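Secondary and tertiary structure notes
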Amino acid sequence: MRIPCPFCGPRDSQEFSFLGQAGLKRPDPNAPDAQMQFHDYVHIRDNKAGVTQELWLHANGCRSWIVVTRNTLTHEITGSEFASPQVKEAAQ
Amino acid sequence: MSQLHRLSSGGLIDRAKPLSFKFDGKTYQGFAGDTLASALLANDVQLVARSFKYHRPRGILTAGSEEPNALVELRQGARREPNVRATTAELYDGLIAQSQNRWPSLYFDFGAVNSLLSPFFAAGFYYKTFMWPTAFWEKVYEPLIRRAAGLGKPPVGDDPDTYEKAFAHCDLLVIGAGPAGLAAALAAGRSGARVILADEGPMLGGRLLSDRRIIGNQSGPDWVKATEAELASLPNVRIMPRTTIFGIYDHGVYGALERVNDHVATPPAHEPRQRAYRIYAKRAVLAAGAIERPHVFGNNDRPGVMLGLAMRSYINRYAVVPTKRVAIFTSSDEGYATAHDLIAAGASVQAIIDTRADATISAPNDIPHFKGARILRVLGNKQVQGVEIELKDGAIRILDCDGVAMSNGWNPAVHLTCHLGGRPVWDDKTNAFLPGNVPAGLSVAGAAQGHFGLKETLADGLRLGASIVDELGFKASGITTPDTDPESLAHTPLWRVKTSKGKCFVDFQHDVTDTDIELANREGFRSVEHMKRYTTLGMATDQGKTANISGLAILGEASGRKMAEVGTTIFRPPYTPVALGALAGHHVHKGFRPTRLTPSHQWAEEQGAVFMETGLWLRAQYFPKTKNESWLDAMIREVEITRSKVGVCDVSTLGKINLQGKDVGTFLDRVYTGTFSTLPVGKVRYGLMMREDGFVQDDGTTSRLSDNHWLMTTTTAGAGKVMAHLEFCHQVLWPELDIAFTSVTEQWAQYSIAGPHSRDVLIKLVDPQHGISNEAFPYMACGAITICNGIPARLFRISFSGEMAYEIGVSNRYGDALIRAIMDAGKEFGITPYGLEALSTMRIEKGHVAGSELNGQTTPRDLGLIKIVSQKKDCIGKHMSERPAMLAPDRPILVGLKPKNPKSKLTGGAHFLDKGAKPSLENDLGHMMSVAYSPMLKSWIGLGIVKRGRERIGETIRAVDFVRGTEFEVEICDPVFFDPEGVRIRG
Ligand SMILES: [Zn+2]
C-alpha cells in the first residue's frame, strides 16, 4: 500500500501511522451538553464501507498529519491533503 | 553405477561440472544445472517421499514449483529446511537432503498403516473424530495428529544465515520469463522504459527449455539465449532470476523473494541467503504460464506417474529419462509430443491411451494407440509396474510399464490475479479458469491468459509490452512476431475416471481423493469454500496448484452443476511459501530493537554499572561497589548517600520537546491539566497530560526559558507518543496557534544532582556570574547558565527524589565530560552515582507516580492529582474524566501500602482484599502498582489503588498475589511516605 503525502510524494504505508476518521470537530467545551458531545466525539464513528476520509501521520517522514481519501472496499486512494489549513496554505 | 537414466548428450546441464550429493544418507552424482529432482531421477530414485495423511509412497509429479509430492528436508542442523520441493532445489556439490514424514525409513514406513485405516481418514475426519471431550484436544488429540500427520521437521537452533529487505522501482514489471514474458520485456525494454524481468527459476525461458520448439530459425533455448543477451545489454532492463513474485498488494506494490544463495551450501561471506523485495511498478505483465492438469484415476499417485510436460522437461532440459517404459495417458494432442520426445530419447512408449474417442492425431511409429480408453488403476506400490486399462469397447487390459505420463490440458497460473480479490472466470472454449477482474495496473499475457499456442503467446507478450510502454509515454518500435513451428493443441479434459479401482487422488499433498469430495457434497458442503475447508483440498503448502480445478470439476459433477456455476476458490499470497526470515530481513535481534545509549554510558560502564533496558534505552540500574554487592544493598547505599550527602543520576532519556511561538502558553493550557500561560519566565511547573478519553497519558515538567521559548519533558517511554499527540493537537485541532516544536531528546545530556550537598557540588561547576543561592535560584527555578568556563547549560531546580535537587543539561557532546566533572566536584562531599533502582525507590518514598501508575487506565482523580486539574479552563480529556462514574467514590484511588511485617516483600500486581473476603471480582479492592524496599522506613512499601482508599487510611487489608503465591497484611497509608511536608526539597 502506498500513500501520497502532499509534502513527500507517494511513500510506502509503513512510514505512516493511522489514527481514524477525519473531519471530527472537537466540541465546544462550554456547551451545556458538552459531556455528551465529548462522548460522541471520542467514541462514535461512522465506520463507513466505501469512500472515507482518514487521518494519517507521516511519522517516519515529514511528520505531517494528513487527511487521506480512501475507499475501504477497494483500498483505492483518491486524494490526500494536509490536515492543517495553515500548512496547506504555506505549501502553496 | 551412476546416473543410469542420464542421456549421453543434450540437455542444458553442464557435464563438465559433476556434483556429488546425498539423499537419505546415500551418495549420488549429478551435474550443474540439475535440480535435486532431476538428479534423483538420473539415478533412478523414484520413491522420494511419503504422503501427508496415508503415508503413501510418492515420487516426482512435476518439474516445477507446483510440485505436491516430492517434498524433502534440505540441509542439516540449523540450516535444515523442511518441505523443500525437490523440483526447484538446485543441485550443488555436497547437497544433503532427507525424505520426511516417514519412520523408521522411507522404504518401510510404519505410518503407512494409516492407509489401512483410510475409512477413518475421510473428509471431515478431524471434525468428526476429535470433537470432544474438549479437554482431550490439547493433551491427546493435537499431539497425536501432529505426530502422525506432520510435514517436515523445523530446523534446530538459530538460523545462521542472514536475510535482506530491498526495494526496487520500475515502469514495467514482467512476472515470468517464458516466451510471453521475454517478448513483453523485449518490446518494453527496447523503448527505454525501466523494466524488471523476474522469474522463479535460475534460467530464463520457461517452457522453451522443456519443449523442442523452433522460433524463427532458432531452437527454443537458442532464441532464449539471444533474447536474454539483448535484454542484458539494455541498461534500463534488470533481469532477476531465482526471484518469485509472491504477492500483489495495493497501489502497484509487488512482493518478491530473491533466492540469492539457496543454490549453494552456505552463502558467501556478507551475502544473504534470501532477499525480500518490495517492487513498486507502474504497470505489470503477468506471464506466469500454465500448470498441467493431472488425471484422476486409481493409484494415480504411485512413483513413476508424472505430468507430460514434466517428462519432456526432464528429457530435454536435464537429459534424464525418468522412466524407460512409459504409458501415455492423454486427453490432449500434447500427449503425443511426450511420446515423440520419449522415443527420441531412446525410451519405449508402451501405449498411448487417449481418452478421446474422436482424437484425430496419429500416434508415432507403430505404438499401440487406444482411443476412447482410460486407465483404471496403476499396478505396483513403490514404483509403477503396469496399468489396468479399459478400452472403448469395455475390454480390460493389463499393460506393462514403469511410468505414466499424463496430459489433461492446462490450468492458467492466474494466482496473482486473485490477490486483490479478483475471481477467475470459467471459459468453455479453453476449458480453463481465466483471469477475471485483475488488479489495477496488471495485464496478463500468454498461457496465463489461456493463450496456449507458442506463436500467440509470443504475439501476446510483444503486443502488451509495446502498448503498455506507449501508454507510459515511451515509444515501442520494430516489433514483429517471429514464426514458430506448427503445433497441435486440441484437447477435451477428462476430469476423472469414474470406473477407477483404488484411491484416486485429487490433491496429492493433502491426500484428498475424489470420494472425499463426493462425501463433502453428500453431507451438504456444496459451496466451493465449504468443500475446500471440509476436505482440506488445496490447503497444503502448494495451495492445490495441481489439484483445485479437478476438485471443482468433481464437485460440479457430483452436484449436477456446470463449472461456471461451481466457481472457484481464490488464491492468496504467497504464490509459493516464503520464509519468515526473509520477511523479517535484517530486522532481527538488535536490528529489530536497536540500543540507545546515554552520553554517560561509557563512564557508567567504567564504574561497573549494571544496566537494564527501558524501552530501547540502556540505563544504569545500580552501581555495585564490589562484585558481590546485590542490587538491593547497592540501592540502599545509593539512597542513603543521596539523602544524607549527594547523588547524581543520568536522566538524559527523558523526552524533551522544544516549543517556541507566542501561543505556546495557550497551547500548553489546552494539553495539560494545569495552567501554564501564567508561568513566569525562569520557572518550571509540573504537568499532567490526559488523552481525550480522560485517562492520563503522561507527565513531566515544562519550563519557560523566555517569553516565547519553552521546554517540555516527558517520561522516557512516553516521548514518542506525546510528540505525535502534540502534533495532532496543533495540526488538526488548533492549527491557528502560532507555535512550532521539535524533539530535542537526543540533543541534550541531562543529570540530576540530588541531596543536601547538591548545591555545594554545583557551585564548583557553575560559572560565578550565575547566582544559584537558594534565594537567587529557588525550588522550581530554571535558566540558561554557563559552566566550566563558558560551556552553555540549562539548570532546573526540580526534584523527583524529594531532596534538594537540580537537573543540569548540556549539549550531548559534553555529556561524558560533565558527568566526570560532577563526580570530581562531588568527591569531597562523598557523592555517589545512583541508578534506576534508587531513583525508583526514592520516588515511591515520595509517592510520585510513574510508569506503573500512568498505565492508561488511571485518571487524575485516581492518582490523587485532582487538585492539579484546573477548574478554570478546558483541556484535552477534561470532560471525559469528569463523567459521573469516573468520579464515583467507589472507584479505586492511589494510596500508600505498608506491610504489617516490614520484612514482607510486597509484589506489584498483588490484589487487595478485605480480611476474610473470598478472592472474587466483587471483593477485589484494587491492586498494587509499584513496590520498593525503603531504606528510610526500613520496610517494604508500595503504591496501589484501593476502593475508597483515602477514607480507609489506617485500616488493614490483605495483598494477595496468586502468581507468586504470597499474601501479606498491609496498612493503607498516605502515598507520601517520607518528608510529607516537603521540607528537604526547598533546601
Ligand atoms: Zn510526508
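What counts and what doesn't
Residues numbered from 1 in each chain as written. Chains lettered and ligands numbered in written order. Predicted model: local features only at pLDDT ≥ 70, side-chain atom pairs only at ≥ 80, totals over all residues. Heavy atoms only, no water. Helix = DSSP H or I, 4+ residues; strand = E, 2+ residues; numbered from the N terminus. Buried < 20%, exposed > 50% of the residue type's maximum accessible area, 1.4 Å probe, protein only. Contact = heavy atoms within 4.5 Å. Lys, Arg positive; Asp, Glu negative; His and termini not counted. Charge placed at Lys NZ, Arg CZ, Asp CG, Glu CD. Areas by Shrake-Rupley, 256 points an atom, 1.4 Å probe, with all protein chains shown as cover. Core = buried A, V, L, I, M, F, W, Y, C linked by side-chain atoms within 4.5 Å. Phe/Tyr/Trp six-rings, centres within 6.5 Å; stacked < 30°, edge-to-face > 60°. Donors = N, O, S within 2.8 Å, 3.2 Å for Na, K, Ca; no water. Tetrahedral: all angles 85-135°; square planar, octahedral: opposite > 155°, others 65-115°. Buried area = accessible area lost by both parts, 1.4 Å probe. Salt bridge = Lys/Arg side-chain N within 4 Å of Asp/Glu carboxyl O. Polar contact = N/O pair within 3.5 Å; in protein donor to acceptor, adjacent residues only side chain to side chain. Nonpolar A, V, L, I, M, F, W, Y, C, P; charged D, E, K, R; others polar. Pairing = 2+ DSSP bridges. Axes fitted to C-alpha atoms, helices over the stretch in contact; angles between N-to-C directions. Parallel < 35°, antiparallel > 145°, perpendicular 65-115°, else oblique. Left-handed = near helix turned anticlockwise from the far one by under 90°. pLDDT = per-residue confidence, 0-100.

When its secondary structure is counted, chain B shows 22 helices and 50 strands. Expressed as lengths along the three principal axes of its C-alpha atoms, the size of chain B is roughly 115 × 70 × 55 Å. Per-residue burial over chain B gives 59% buried out of 987 residues. A sequence separation of at least 24 residues applies to 66% of the contacts in chain B between residues at least 6 apart. Distance between charge centroids for chain B: 2 Å, based on 112 positive and 106 negative side chains.

This next bit is on the overall build of chain A. If you tally the helices and strands in chain A, you get two helices and six strands. In chain A, the succession of helices and strands from N to C terminus is β-β-β-α-β-β-β-α. Overall, chain A is about 45 × 35 × 20 Å in size when its C-alpha atoms are taken along their principal axes. Per-residue burial over chain A gives 38% buried out of 92 residues. Looking at chain A alone, contacts between residues at least 24 apart form 43% of all its contacts between residues at least 6 apart. If you sum the accessible surface of chain A, you get close to 5300 Å²; carbon and sulfur atoms cover 51% of it. Taking the 9 positively charged and 10 negatively charged side chains of chain A as two groups, their mean positions are separated by 4 Å.

Right, let's get into the nonpolar core. All names here are of chain B. Of all hydrophobic cores here, the largest spans 78 residues; its most connected members are Phe23 and Leu36. In terms of residues, this core owes the most to one element, helix H1 (residues 36-42), which gives six residues. Residues in contact with phenylalanine 23, not counting those within four places in the same chain, are Tyr28, Leu40, Val45, Leu47, Val48, Val72, Ala97, Gln98, Ser99 and Leu106.

Evaluation of the coordinates by the stated rule reveals 18 aromatic pairs over all chains. Ring geometry for A:Phe38 against A:Tyr41: centres 6.1 Å apart, planes inclined by 90 degrees, an arrangement best described as edge-to-face. Of this pair, A:Phe38 and A:Tyr41 are both found in helix H1 (residues 34-43), three residues apart, which corresponds to roughly one turn of the helix. With respect to class, A:Phe38 is no different from A:Tyr41; both count as buried. On the numbers, 6.4 Å between centres and 25 degrees between planes, the contact of B:Phe777 with B:Tyr806 is stacked.

So, on to the coordination of the zinc ion. All names here are of chain A. Taken together, the protein donors to the zinc ion comprise Cys5 (SG), Cys8 (SG), His58 (ND1) and Cys62 (SG), at separations of 2.0 to 2.4 Å. One can describe the site at the zinc ion as tetrahedral: its four donor atoms subtend angles covering 105 to 118 degrees at the metal. Within one chain, the residues donating to the zinc ion are spaced in sequence as C-x2-C-x49-H-x3-C. Note that cysteine 8 is positioned in the loop between strand E1 (2-5) and strand E2 (9-12) and cysteine 62 in the loop between strand E4 (51-57) and strand E5 (65-71), a separation of 54 residues in sequence. The exposure class assigned to cysteine 62 is partly exposed, which follows from its relative accessible area of 24%.

With 27 residues of chain A at the contact, the number on the chain B side is 28 residues. The contact between chain A and chain B buries some 2300 Å² in all, and 54% of this surface belongs to carbon and sulfur atoms. Sorting the residues of chain A by area buried against chain B places A:Arg2, A:Arg26 and A:Gln35 first, and these three jointly supply 27% of that buried surface. One can count four salt bridges joining chain A with chain B. Notably, a salt bridge pairs A:Arg26 with B:Glu692, separated by 2.5 Å at the nearest N-O pair. Across the chain A-chain B interface, the total number found is 14 residue pairs in polar contact (both at pLDDT 80 or more). Contributions of two or more residues to the side of chain A that touches chain B are made by H1, E4 and helix H2 (85-91) of chain A. In terms of residue count, H1(A) provides more of the side of chain A that touches chain B than any other element does, seven residues in total. For the side of chain A that touches chain B, the per-class residue count stands at 13 nonpolar, nine polar and five charged.

The next point concerns the sheet that holds strand E18 (residues 325-330) of chain B. Residue and element names in this part refer to chain B. Read across the sheet, five strands follow the order E17-E24-E18-E19-E20 without closing on themselves; strand pairing throughout is parallel. Edge positions in the sheet fall to strand E17 (305-307) and strand E20 (369-371), since each has one partner strand and no second. Within this sheet the neighbouring strands show an average axis-to-axis angle of 20 degrees, counted without direction. Alignment of E18 against strand E19 (residues 348-354), held across six bridges, turns out to be parallel. By the bridge assignment, isoleucine 328 is partnered in E19 with isoleucine 352. Where helix H7 (residues 308-316) meets the sheet, its contacts fall on E17, E18 and strand E24 (403-407), and the angle it forms with E17 comes to roughly 90 degrees.

Attention shifts here to the packing of H7(B) against helix H8 (residues 334-344) of chain B. All names here are of chain B. Packing of H7 against H8 leaves a shortest axis separation of 9 Å and a crossing angle of 25 degrees. Here H7 is positioned roughly parallel relative to H8, judged by the angle of their axes. Seen from above, H7 lies across H8 with left-handed handedness. Residues Gly308, Met311, Arg312, Ile315 and Asn316 of H7 form the contact with H8, whose participating residues are Glu334, Ala337, Thr338, Asp341 and Leu342. Considered class by class, the residues forming the contact of H7 with H8 number four nonpolar, three polar and three charged.

When a strand is regular, its side chains alternate between the sheet's two faces. Residue and element names in this part refer to chain A. Judged from the four bridges that link them, E1 and E2 form a sheet pairing that is antiparallel. Across the sheet, the residue bridging to arginine 2 is aspartate 12, located in E2. Counted between consecutive antiparallel strands, the loop separating E1 from E2 contains three residues.

Here we take up unusual backbone geometry. Residue and element names in this part refer to chain B. Geometrically, the link from proline 573 to proline 574 is a cis peptide bond, its omega value of 0 degrees lying close to zero. Tracing the backbone shows proline 574 in the loop between helix H13 (563-566) and helix H14 (580-584). One non-glycine residue with positive phi stands out, namely aspartate 24, at about 50 degrees. The backbone of glutamine 543 sits at a positive phi, close to 50 degrees, despite the residue not being glycine. Summarising the element assignment, glutamine 543 is placed in the loop between helix H11 (528-535) and helix H12 (548-559).

Per-residue confidence for chain B gives a mean pLDDT of 94; residues scoring 70 or more make up 95%. Scored as a whole, the predicted complex attains pTM 0.90, and scored at its interfaces, ipTM 0.98.

Moving on, we get to the environment of B:Gly560. Residue and element names in this part refer to chain B. Within the secondary structure, glycine 560 sits in the loop between H12 and H13. On the basis of relative accessibility, which here comes to 65%, the residue glycine 560 falls in the exposed class. When the C-alpha atoms of glycine 560 and serine 105 are compared, they prove to be 44 Å apart, with 455 residues separating the residues in sequence.

So, on to H11(B). All names here are of chain B. Here H11 has its buried residues at Val528, Met531, Lys532, Tyr534 and Thr535. Two or three places before glutamate 529, at the opening of H11, serine 527 has a side-chain oxygen 3.1 Å from that residue's backbone nitrogen. Positive backbone phi, at 65 degrees, marks threonine 536, one or two positions downstream of H11.

What follows covers the environment of B:Leu552. Residue and element names in this part refer to chain B. Turning to its location among the elements, leucine 552 is positioned in helix H12. For leucine 552, a relative accessible area of 3% corresponds to the buried category. On a C-alpha basis, the gap between leucine 552 and valine 387 in space is 26 Å, while along the polypeptide they are 165 residues apart.

Residues and elements named next belong to chain B. Counting across every chain of the model gives 65 salt bridges over all chains. Arginine 984 is the partner of glutamate 803 in a salt bridge, and the nearest nitrogen-oxygen pair spans 2.9 Å. On the criterion of sequence distance, the pair formed by glutamate 803 in the loop between strand E42 (791-796) and strand E43 (805-811) and arginine 984 in the segment after strand E50 (966-973) is long-range, its members being 181 residues apart. Using a relative accessible area of 2% as the deciding quantity, one classes glutamate 803 as buried. We classify arginine 984 as partly exposed; its relative accessible area is 31%. Between aspartate 914 and arginine 952 there is a salt bridge whose closest N-O contact spans 2.6 Å. Here aspartate 914 is found in the loop between strand E46 (911-913) and strand E47 (926-934), whereas its partner arginine 952 is found in the loop between strand E48 (939-946) and strand E49 (956-961), with 38 residues between them in sequence. Linked through salt bridges whose partners overlap, the residues forming this network are Arg496, Lys498, Asp514, Glu518 and Glu557.

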